[in-house]
Amino acid sequence: MQKSHLTTPTLALSIALLSLSALTARPAVADEPGFTTLFNGKDFTNWHGERTIDPRKFDALSADEKAKTLAEDAEDVKKHWKVVDGELVNDGHGVFMTTDKDYGDVELFVDFKLLPKGDSGVYLRGTPQIQIWDTTEAAGYWKMGADKGSGGLWNNAAGSKGKDPIVLADNPIGQWNTFRIIQLGARTTIYLNGKLVVQDAFLENYWDHALPIVAKGPIQLQTHGNEVRWRNIKVREIPADEANAFLSKMDGGVGSFASLFNGKDLTGWAGAVANYEVKDGAIRCKPKSGGVLYFDKEYKDFIARVEFKLPPGGNNGLAIRYPGHGDAAYDGMTELQVLDTEHEMYKTIDKRQAHGSAYGMVAAHRGYLRPTGEWNYQEVTVKGPKITVELNGTPILNADLSTVKEVLANSPHPGKDRTSGFFGFAGHGDAVEFRDIFIKPLD
């Protein structure tokens, strides 16, 4: 058995961490290059009115239905929204002010000001909501949690991370407040007036709790019965490497993880070693080669973190509790698919073959891969028969393999109930790449 290497990030991760350091140290004013001003202080350019609606349902409307809905909402905006002295003002009623553009991973700044008994919010990707309200006892919202302050993910389940803000950071009513919001996948970090109020919490999907929030959606300013004023609204789209570096620092980072890859060679790896190579600091499956490459140490329960990059149509997998022989998908506990799912060649696959799925057994949610050629960040947690997968900050699989009764093509999975084994990659002939491979035993 090989001992794991010291935790050493690759050059790419080190560079991204420099960006992350700058991100976390940034002051609560978005004056740096890279930000786009969403509100120009003069009119509704970049915005439109839109009623509150599940983004998936809105996208499912026909072109005519969308046009009719937006036309009605445009008329409503005229009644309830205006620009006064460089401020975007809502009277507390009507449809929400909504960005014309949909956004994925972003850093967002927005100032807001309430009147007494004010109650409002910011929707991310069309999903409620970052709560804003009058936090005084006189406002009457304490029974709903206003005594804890603004900035919480109010529609999350009771007791969940992010539901309530960490500290009360609101300025007195009548004064301006500033949000700084970092949204990476479904993970949300929020600063209010320079104080951290939510850290790395999943924004739950209010519309359908069985699904993650959409990969991209609009930013919305909520109307909720009281006048609210907004200004200094600026956004920066976060590139993949910076997002991955930020995600790698969440939940304590990799300080307690062992690095399985030294960035130079395949020391410590076994199996189909001849079919893989190290290129530019990444492990790559050689084209038209394959087989299982696994790290030569057995694990029971663990958390694994890895970045991967797919070529067009690329196919590989993460071997989970692999026995060191046979097919990872069947002889191992499972193979978690690593697949360019949205490629035309895979349009008819079984849903249990999509990226992140426990191959042939449990389907993962689709639509959260980065564009082909970009690095993706994935975290896998294995506890007993249970496996969760988080892709680019969004939970896409939560499976208990002990409950699986139906499998693809009725093919037996003799390794499904394995309690230990090796971690590795199950190549299928495509030049899929892996880097920044870390693991933490949970035994």
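The structure contained in this document is the topic of the report that follows. Not measured: the values here are computed from a predicted model.

Cut-off values and rules
- Residues numbered from 1 in each chain as written.
- Predicted model: local features only at pLDDT ≥ 70, side-chain atom pairs only at ≥ 80, totals over all residues.
- Heavy atoms only, no water.
- Phe/Tyr/Trp six-rings, centres within 6.5 Å; stacked < 30°, edge-to-face > 60°.
- Helix = DSSP H or I, 4+ residues; strand = E, 2+ residues; numbered from the N terminus.
- Buried < 20%, exposed > 50% of the residue type's maximum accessible area, 1.4 Å probe, protein only.
- Salt bridge = Lys/Arg side-chain N within 4 Å of Asp/Glu carboxyl O.
- Contact = heavy atoms within 4.5 Å.
- Core = buried A, V, L, I, M, F, W, Y, C linked by side-chain atoms within 4.5 Å.
- Pairing = 2+ DSSP bridges.
- Axes fitted to C-alpha atoms, helices over the stretch in contact; angles between N-to-C directions.

The final tally for this structure, using the stated rule, is 16 aromatic pairs. Note on Phe 112 and Phe 179: the rings are 5.0 Å apart at their centroids and 40° apart in plane angle, and the pair reads as tilted. Of the two residues, Phe 112 is situated in strand 6 (residues 106-114) and Phe 179 in strand 9 (residues 177-184); the sequence distance between them amounts to 67 residues. On the basis of relative accessibility, which here comes to 0%, the residue Phe 112 falls in the buried class. On the accessibility criterion, Phe 179 (0% relative accessible area) is buried. Both rings, one in Phe 423 and one in Phe 425, keep their centres 6.1 Å apart while their planes meet at 75°; by these two values the pair is edge-to-face. On the accessibility criterion, Phe 425 (0% relative accessible area) is buried. Members of the aromatic cluster, joined through ring pairs, are Trp 269, Phe 295, Tyr 299, Phe 302, Phe 423, Phe 425 and Phe 434.

It is worth spelling out the pattern of salt bridges at this point. Scanning all chains against the criterion turns up 27 salt bridges. Linking Asp 111 and Arg 231 is a salt bridge whose minimum nitrogen-to-oxygen distance equals 3.4 Å. With a gap of 120 residues between them, Asp 111 in strand 6 and Arg 231 in strand 13 (residues 228-237) connect regions that are remote in the sequence. Ionic pairing is found between Glu 344 and Lys 347, a salt bridge with its closest N-O pair at 2.9 Å. This pair shows no difference in class: Glu 344 is exposed, exactly as Lys 347 is.

Its location among the elements puts Val 198 in strand 11 (residues 195-202). Residue class for Val 198 comes out buried when judged on its relative accessible area of 1%. Discounting residues that sit within four places of it in the chain, Val 198 has contacts with Gly 151, Gly 152, Leu 153, Gly 162, Ile 166, Thr 188, Thr 189 and Ile 190.

Within the largest apolar cluster, 43 residues are counted, with the highest numbers of intra-cluster contacts made by Leu 318, Ile 320, Ile 387, Phe 423, Phe 425 and Ile 437. Val 106, Val 110, Leu 221 and Val 228 belong to the second largest nonpolar core, which has 36 residues in total.

This part takes up the sheet that holds strand 12 (residues 220-221). Strands belonging to one sheet form pairs held by backbone hydrogen bonds; the direction of such a pair is parallel or antiparallel. Here five strands make up an open sheet; going across it, the order is 2-5-12-7-8 and the pairing antiparallel. Since the sheet does not close on itself, it has two edges, and those belong to strand 2 (47-50) and strand 8 (127-133), each with one partner. Judged from the four bridges that link them, strand 2 and strand 5 (residues 96-99) form a sheet pairing that is antiparallel. From the neighbouring strand, Gly 49 faces strand 5, where its bridge partner is Met 97. Packing of helix 3 (residues 63-80) onto the sheet brings it into contact with strand 2 and strand 5, and relative to strand 2 it is tilted by some 105°.

Moving on: the sheet that holds strand 15 (residues 269-271). Read from one edge of the open sheet, five strands run 15-18-25-20-21, paired in antiparallel fashion. The open sheet is flanked by strand 15 and strand 21 (334-339), the only strands paired with a single partner. Each adjacent strand pair in this sheet contributes to an overall mean axis angle of 25°, direction not counted. As judged from the three bridges shared by strand 20 (residues 315-322) and strand 25 (residues 422-428), these two strands associate in the antiparallel manner. Bridge assignment links Leu 318 to a residue of strand 25, and that residue is Phe 425.

On the secondary structure map, His 224 appears in the loop between strand 12 and strand 13. The class for His 224 is partly exposed, based on a relative accessible area of 40%. A sequence separation of 117 residues divides His 224 from Thr 341, and the C-alpha atoms of the two residues are 40 Å apart. Excluding its chain neighbours within four sequence positions, the residues that come into contact with His 224 are Gly 92, Asp 119 and Ser 120.

Quick look at helix 4 (residues 240-249) now. In terms of burial, helix 4 is largely enclosed, as eight of its 10 residues are buried. The set of residues buried in helix 4 consists of Ala 240, Glu 242, Ala 243, Asn 244, Ala 245, Phe 246, Leu 247 and Ser 248.

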